[in-house]
Amino acid sequence: MAETTAEMLKHLGHEVVTANLPSQALAMAERSKASAAAGGPGFDLVISDITMPEMNGHQLADRLRRLWPQVPVLFMTGYDSHMAEAGASAPFIPKPLSLRALADGIAKMLTGSHPA
């Protein structure tokens, strides 16, 4: 799923890095924050599934927000129960993903028209 989503994001013109585990994502975020602090590029957005090994997407988002509060997190899920659990204010894209839904979700997050 990560590879397919990455290809969709690249098709939309985004630079993409992928992590298969939350621990990898956290390590990448730490390196990216250090790079951005030194004037290098950083992350504009994190897209995460809710159901993952090691921790769920909400736990990952909490840890990312402690590390880098300004980076928005957009969830994707194939489970209606996760959407209800997250509440109406949590940004998410339903799976299966469509290119249009992905583009719209990213646009909303990056323009600030959806709460992070």
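Residues numbered from 1 in each chain as written. Predicted model: local features only at pLDDT ≥ 70, side-chain atom pairs only at ≥ 80, totals over all residues. Heavy atoms only, no water.

**Observations regarding the sheet that holds strand β2 (residues 73-77)**
1) Next: Spatially, β1-β2-β3 is the arrangement adopted by the 3 strands of the open sheet, whose pairing is parallel. Where the open sheet ends on each side, the last strands, each with one partner, are β1 (46-49) and β3 (92-94). Between one strand axis and the next, the sheet turns by 25 degrees as a mean value, whatever way the strands run.
2) Next: Against the sheet, helix α3 (residues 57-67) contacts β1 and β2, and its axis sits at roughly 170 degrees relative to β2. (Pairing = 2+ DSSP bridges. Helix = DSSP H or I, 4+ residues; strand = E, 2+ residues; numbered from the N terminus. Axes fitted to C-alpha atoms, helices over the stretch in contact; angles between N-to-C directions. Contact = heavy atoms within 4.5 Å.)

**A look at unusual backbone geometry**
1) Next: Omega for the bond connecting Lys-95 with Pro-96 falls within 30 degrees of zero, at 5 degrees, which places this linkage in the cis form.
2) Next: Note on placement: Pro-96 falls in the loop between β3 and α5 (99-111).
3) Next: A positive phi angle, close to 75 degrees, is found at Glu-54, a residue other than glycine.

**Overview of the pairing of β2**
1) Next: Taken across its 5 residues, β2 has 5 buried, putting it largely inside the fold.
2) Next: When β1 meets β2, the two strands line up parallel, connected through 4 bridges. Paired with Asp-49 across the strands is Met-76, a residue of β2.
3) Next: The β-α-β motif built from β1, the intervening α3 and the parallel element β2 has right-handed crossover chirality.
4) Next: As judged from the 3 bridges shared by β2 and β3, these two strands associate in the parallel manner. Among the inter-strand pairings, Met-76 is bridged to a residue of β3, identified as Ile-93. (Buried < 20%, exposed > 50% of the residue type's maximum accessible area, 1.4 Å probe, protein only. Right-handed = clockwise from strand over helix to strand, strands pointing away.)

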